[in-house]
Amino acid sequence: MSDYETMDKEEIYSKVLRAGRRTYFFDVRATKAGDYYLTITESKKFTNDDGSFHYKKHKIYLYKEDFTEFKEILAEMTDYIINEKGQEVISERHQRDFKREDDFVAQEAKTPEDTKTTESFTDISFDDI
């Protein structure tokens with residue numbers, strides 16, 4: 001049996017969620033007894049100094065007997081986070097080019113003399129770093 005056939009038998013149903021540098025793989029697989037379970041794999045891309053890249057993967061296995069409690073706790077935790085911190089991703093505030101809405105209002109209130117020119121700056125993309 002080839003590796004392809006083995007993989008075909010193992011993975012019954014799959015979905016992929018791409019989220020920036022992270023990719024999440026949801027795979028339904030079969031046990032030796034023929035029952036199904038779920039694997040969730042997080043794959044995160046890292047760039048080396050020489051420009052090449054590698055991935056780090058983390059995997060969890062979730063079995064049917066744990067589905068109900070897992071879903072309940074996941075829903076509780078995600079609801080808690082949204083209720084406490086809202087939908088905005090706070091880490092975006094720490095990016096160099098992040099501008100809050102009230103920053104735009106404050107910027108518009110400045111006079112042209114108060115605004116420094118950025119012509120001497122080099123435009124870079126962090127994807128290139």
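Because the structure is a prediction, the values reported are computed rather than measured. Numbering of residues begins from 1 in every chain and follows the order in which that chain's sequence is written. In view of the model being predicted, local features appear only for residues whose pLDDT reaches at least 70, and side-chain atom pairs are presented and counted only at 80 or more, with totals across whole chains, interfaces and linings using the full set of residues. Excluded from the side-chain calculations are hydrogens and water; all other atoms, namely the structure's heavy atoms, are used.

Trainee: I would appreciate a short explanation of the overall build of the protein chain in the present structure.
Mentor: Helix and strand definitions here come from DSSP, where helices need a minimum of 4 consecutive H or I residues and strands a minimum of 2 consecutive E residues; each element is numbered from the N-terminal end. Helix and strand counts for the protein chain stand at three helices and four strands. The N-to-C order of helical and strand elements in the protein chain reads α-β-β-β-β-α-α. Residue pairs at least 24 apart in sequence account for 12% of intrachain contacts in the protein chain once pairs closer than 6 positions are excluded. Where accessible areas are quoted, they stem from the Shrake-Rupley method and a 1.4 Å probe; at the residue level, only the protein chains shown are allowed to cover. Taken as a whole, the protein chain presents about 11,900 Å² of accessible surface, with 52% of it coming from carbon and sulfur. Residues count as neighbours in contact if any of their non-hydrogen atoms are within 4.5 Å of one another.

Trainee: Honestly, the side chain of Glu-42 in this entry has me stumped. Any pointers?
Mentor: The topology assignment puts Glu-42 in strand 3 (residues 36–47). Here a polar contact means two N or O atoms within 3.5 Å. Within protein one must be a hydrogen donor candidate and the other an acceptor candidate, and residues neighboring in sequence count only if both atoms are side-chain atoms. A polar atom in the side chain of Glu-42 sits 2.8 Å from the side chain of Arg-22. Sequence-distant contacts of Glu-42, defined by excluding residues within four places in its chain, comprise Arg-22, Thr-23, Tyr-24, Lys-56, Lys-57 and His-58.

Trainee: When you look at helix 2 (residues 67–85) in this model, what are you seeing that I'm missing?
Mentor: Three or four residues apart is the spacing at which side chains of an α-helix point the same way, because the helix has 3.6 residues per turn. Here the expected span of a helix is defined as 1.5 Å times the quantity of residues minus one. Helix length check: helix 2, at 19 residues, gives a terminal C-alpha distance of 27 Å against a target of 27 Å (1.5 Å per residue), a fit within 8%. With its phi angle positive at about 75 degrees, Gly-86 sits one or two positions after the end of helix 2.

Trainee: I keep staring at the packing of aromatic side chains and nothing clicks. Help me out?
Mentor: Think of a pair of aromatic rings as described by two things: how far the centres are apart, and how the planes are tilted against each other in angle. A pair of Phe, Tyr and Trp rings is counted when the ring centres sit within 6.5 Å of each other, with Trp represented by its six-membered ring. The angle between the planes then sorts it: under 30 degrees is stacked, over 60 is edge-to-face, the rest tilted. Per the stated rule, a full pass over the model turns up three aromatic pairs. Relative to Tyr-61, the ring of Tyr-37 lies with its centre 6.2 Å away and its plane at 35 degrees, an arrangement referred to as tilted. Residue Tyr-37 is found in strand 3, and its partner Tyr-61 is found in strand 4 (residues 53–63); the two are separated by 24 residues along the sequence. With a relative accessible area of 47%, Tyr-61 lands in the partly exposed category. By the ring-pair criterion, three or more aromatic residues cluster together here, those being Tyr-37, Tyr-61 and Tyr-63. For every residue, the accessible area (1.4 Å probe, protein chains only) is compared with the maximum for its type, and the residue is labelled buried under 20%, exposed over 50%, or partly exposed between those bounds.

Trainee: Got a minute to help me understand the side chain of Arg-29 in this structure?
Mentor: Turning to its location among the elements, Arg-29 is positioned in strand 2 (residues 22–30). Note on Arg-29: relative accessible area 10%, which makes it buried. Within the local environment of Arg-29, its side chain forms a polar contact with the side chain of Thr-39, the two groups lying 3.3 Å apart.

Trainee: Whenever I open this one, the pairing of strand 1 (residues 11–19) confuses me. Can you help?
Mentor: Strand residues, when the strand is regular, have side chains that alternate between the two faces of the sheet. Two strands qualify as a pair provided DSSP detects at least 2 bridges between them. With eight bridges joining them, strand 1 and strand 2 adopt antiparallel strand pairing. Each bridged residue has a counterpart across the sheet, and for Ala-19 the counterpart in strand 2 is Arg-22. Hairpin remark: strand 1 followed by strand 2, antiparallel, with two residues in the connecting loop; positive phi at Gly-20, about 65 degrees.

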